[in-house]
Every structure is written in C-alpha cells, then in structure tokens.
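Breakdown of the fold
Here is what each chain is made of, one letter per residue.
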2 protein chains.
Amino acid sequence: MSYLGVGVSPGTVPVYHGTNLRVLEKRIRIAELVLRCVSLALGLLAIVLVVTDSQVQTFFSYQKRAKFTDMKALVFLVVANGLSSGYTLIQVLRCAISMFRGDVLFSKPLAWVIFSADQVIAYVTVGAVAATMQTAVFAKAGQRELQWMKVCNLYGKFCNQMGGGVASAFVVSLSMVVLSCISAFTLFRLYGRNKNRYAGW
Amino acid sequence: MSYLGVGVSPGTVPVYHGTNLRVLEKRIRIAELVLRCVSLALGLLAIVLVVTDSQVQTFFSYQKRAKFTDMKALVFLVVANGLSSGYTLIQVLRCAISMFRGDVLFSKPLAWVIFSADQVIAYVTVGAVAATMQTAVFAKAGQRELQWMKVCNLYGKFCNQMGGGVASAFVVSLSMVVLSCISAFTLFRLYGRNKNRYAGW
C-alpha cells in the first residue's frame, strides 16, 4: 500500500510536513507486510494441521476413523483459512511490489476494496474460530445435560493436533483484526477532517 | 458524536466547504443513532428471549427441564449481549445529548475510546453468535459421527424461542459491525491525509 504517497491518484497528492510522518507511514507499511506474512504462514499451517489430522480407534471389532469432516465447524475453519490465505497471498504480493517499486497506483476505490475485503475476512475468521472453539469445548468436556459425550479422551492425538490448528487460526484471526484496523486507517484518512495532520498523536 | 464539528477540541476545528459535507455528516450521525437504538432494543430482546426460554419434558417418570444454562454458548451469548446493551445505552445517551445540545466535546482520545470499544463489542458479538449458531446446528441436526443426538425434536418450543433470540443477536452483531466502521471513519479522518476533502466520493 503506497503509504508514502508515491503514485497516488490525481487529486489526493499528500503534502508532508516532517520526518515523523514518513517514519510512521513506513512503520505501518512494514507492520502490514509482516502481519500479512504471519497471517499467510499460519493460515496455511492451520489448514495443513486440520486437514491431515486423523486417528483410528478400535472399539471391539469395529474401527472408527476420526477426521476433520466429522465436524462442520472444522470444515468452516478450513474454508475460512483457505479464503484468508488466498486473499492474503495477493495482498502480500501487492505490499511487496509496492515497497519494492514504490510506484503502485493508490486510489480511494482500491482502498475501499482492501478495507471491505479485510473487514469480511476478519469477521469470517473470527466467526470460524469461535464456532470451532465451541465445538472443541464440546469435544473436550462434553455436554452432560444434552448427553453429548466428550470424545477427546478417545481421540487424544487427534484433539492435540486439532488444537495446534485452532491456535494457528486464532492468531490468523487476531492478525486480520489488526490488519482491518490498518486498512480502515489507510482509507478513512483520505477523507481527512482537518489540516492539522497528526496533531495529538 | 459531534460530526458537525460543534464543540470539537482545540486544534481539530474543521473547515466546511459546502452543504454536501454537512448533509453527509448529519446522515452519518442519524444512522449511528438509529443503529445504536436498534442494537440496544434487539440486544435486550435477545437476552429476554434466551434467559426466559425453558421447556419441561417427561421421559417415563423422569422430568427434564431445558434451560439456556445447559449450553455454555448461550451463556456467552447472554453475557455478550448484556455487555453490548450496557455499552450501547451509554452511546445512545451520548449521541442523543450530542444531537440535542450540539456542544459535546469531541476529541481524539474520545474517538479512540469509542473506536476501540466498538471494535471489541463487534468482534465479541460476532464470536458469540458464531459459537451459538454452531451449538444450534448440533441441537437441530445432531452430529451422528460423534453420537451427539439432536435435541430440538424433543424440545421444539425451547428451540423455536431460542432461534428468535439468536436471530436478534445476529442483527445486533451486524449493527455493531457497521457501527465499528462508522467509528473508524470518525476517528481516522481526524488524521486526514490531504486537504481535498471529500474529493472522489
């Protein structure tokens, strides 16, 4: 994202009043790239951990394999992280190209697209993690009142690996929350209210 | 929120360039108040529907009462909506006083507080709704692979009333998402990037 204002669309050319602003914008730009890289790596890790998770248990003569498709919330988690990772990959490339070339066009419509997409991804990943954590609580502790028995005492290895996947997805959702704030900042400051920029930071 | 800029803190006094800006700010201000009122009313409705929900079923000589505390997600939903409603009540009063008097102090620290609180409430309510919907899916359809039986065929009235509560909470979470965008706009435009305000709307 062209925080440095290079290549901004006509009519939105910023005026700089010191090095503080440049430093702040550079920091935000770096923080965004780092967070998107973290989000991408952990999103892929979460998918791998969840999708490859499997455990077979034998009950008398009957064999039962636990897999992530047994729980709809885990399928939702994989889909949400797949969506997030695909989108984040595009954003990482955009950020990297922008930092490398410094001449990517930055416009209000593009800022609106990024802001909207970041908001959607943030809420979808948070929702997926919340639904999965609820399922994990049932799997770990059961729900006696509804006679839903705990399953993690039967499938310990499966639950442990799943816990790693959910933890990764949790960090992804936190990263996306912060990134959605950064893109809100990037967008709405284009609709600046006053000329005393950065007064009162 | 003093979108009209009346009573803003020193150093952030806006300069207006036309009626379009005034109309836009007034619309945002009214939209915020309406959304907060909707959020407050439906949040309280969700709490009432969930907390008062109860159904007794007799199995042979054994009586079993279904109540919201049987499911942790519903307790989380009630807490999240209680938190949201309490906070929203304060915000409704602030918005109403601001519109009535037009002289409420508006400062960056206050904008940061409102932005942060809106973000937290939005994500908490979305998370609570997601976790509750996951529980509702289990209650409605069961999870055959885990031998978690569906319970809504036994407690139909209970599930129907609960559905109303979850639907209300869902609308609250959507309202909070939009409100968090409005407060992000209100905050970050104070860190305006350029002087050509509202160019390109």
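In the nomenclature of an unreviewed UniProt entry, chain A corresponds to CASP-like protein from the organism Clitoria ternatea. Recorded in UniProt for chain A, the comment headed Subcellular location (unreviewed entry) runs: "Cell membrane".

Spanning 34 residues, helix 3 (residues 108–141) of chain B covers 49 Å between terminal C-alpha atoms, matching the ideal 50 Å at 1.5 Å per step. Downstream of helix 3 of chain B by a residue or two, B:Gly142 has a phi angle that is positive, lying close to 70°.

Any covalent bond linking the sulfur atoms of two cysteines counts as a disulfide. Residues and elements named next belong to chain A. Taken as a whole and judged by the stated rule, the model has 2 disulfides over all chains. What pairs with cysteine 152 in a disulfide is cysteine 159, and their sulfur atoms sit 2.0 Å apart. One disulfide, between cysteine 152 and cysteine 159, carries an S-S torsion of -85° and so falls in the left-handed class. We classify cysteine 152 as buried; its relative accessible area is 12%. For cysteine 159, a relative accessible area of 18% puts it in the buried group. No disulfide involves cysteine 37; its sulfur sits 8.2 Å from that of cysteine 95, the nearest cysteine. The exposure class assigned to cysteine 37 is partly exposed, which follows from its relative accessible area of 36%.

Below, the discussion takes up the pairing of strand 2 (residues 62–67) of chain A. All names here are of chain A. Looking at chain direction, strand 1 (residues 54–59) and strand 2 are connected through 6 bridges and run antiparallel. Note on strand 2: the bridge partner recorded for threonine 58 is glutamine 63. Joining the antiparallel neighbours strand 1 and strand 2 is a turn of 2 residues, in which phenylalanine 60 adopts a positive phi near 55°.

The next subject is the side chain of B:Arg36. On the secondary structure map, B:Arg36 appears in helix 1 (residues 19–51). With near-sequence residues (within four places) excluded, B:Arg36 lies in contact with B:Tyr87, B:Thr88, B:Gln91, B:Val92, B:Cys95, B:Ile114, B:Asp118 and B:Leu179.

All names here are of chain A. The UniProt record marks residues 33–52, 73–100, 120–141 and 162–188 with the feature "transmembrane region" (unreviewed entry), using the residue numbering of this structure. Along residues 120–141, the helical share is 100% and the strand share 0%, with 31 Å between the first and last C-alpha atoms. Here residues 162–188 is 100% helix and 0% strand, with 39 Å between the C-alpha atoms at its ends.

With that out of the way, let us pick up the pattern of salt bridges. Going through the model one piece at a time under the given rule, you end up with 10 salt bridges over all chains. The shortest N-O distance in the salt bridge between A:Lys67 and A:Asp70 comes to 3.6 Å. Of the residues examined, A:Lys67 reaches a relative accessible area of 36% and is grouped as partly exposed. Ionic pairing is found between B:Asp118 and B:Arg36, a salt bridge with its closest N-O pair at 2.9 Å. Of this pair, B:Asp118 sits in helix 3 while B:Arg36 sits in helix 1, placing them 82 residues apart in sequence. There is no split in this pair, since B:Asp118 and B:Arg36 are both buried. Among the charged side chains, a network of salt bridges with common partners joins A:Glu32, A:Arg36, A:Arg94 and A:Asp118.

About the criteria used
Residues numbered from 1 in each chain as written. Chains lettered and ligands numbered in written order. Predicted model: local features only at pLDDT ≥ 70, side-chain atom pairs only at ≥ 80, totals over all residues. Heavy atoms only, no water. UniProt positions renumbered as here; feature names shortened; annotations may be inferred. Helix = DSSP H or I, 4+ residues; strand = E, 2+ residues; numbered from the N terminus. Expected span 1.5 Å × (residues − 1). Disulfide = S-S within 2.5 Å. Buried < 20%, exposed > 50% of the residue type's maximum accessible area, 1.4 Å probe, protein only. Pairing = 2+ DSSP bridges. Contact = heavy atoms within 4.5 Å. Salt bridge = Lys/Arg side-chain N within 4 Å of Asp/Glu carboxyl O.

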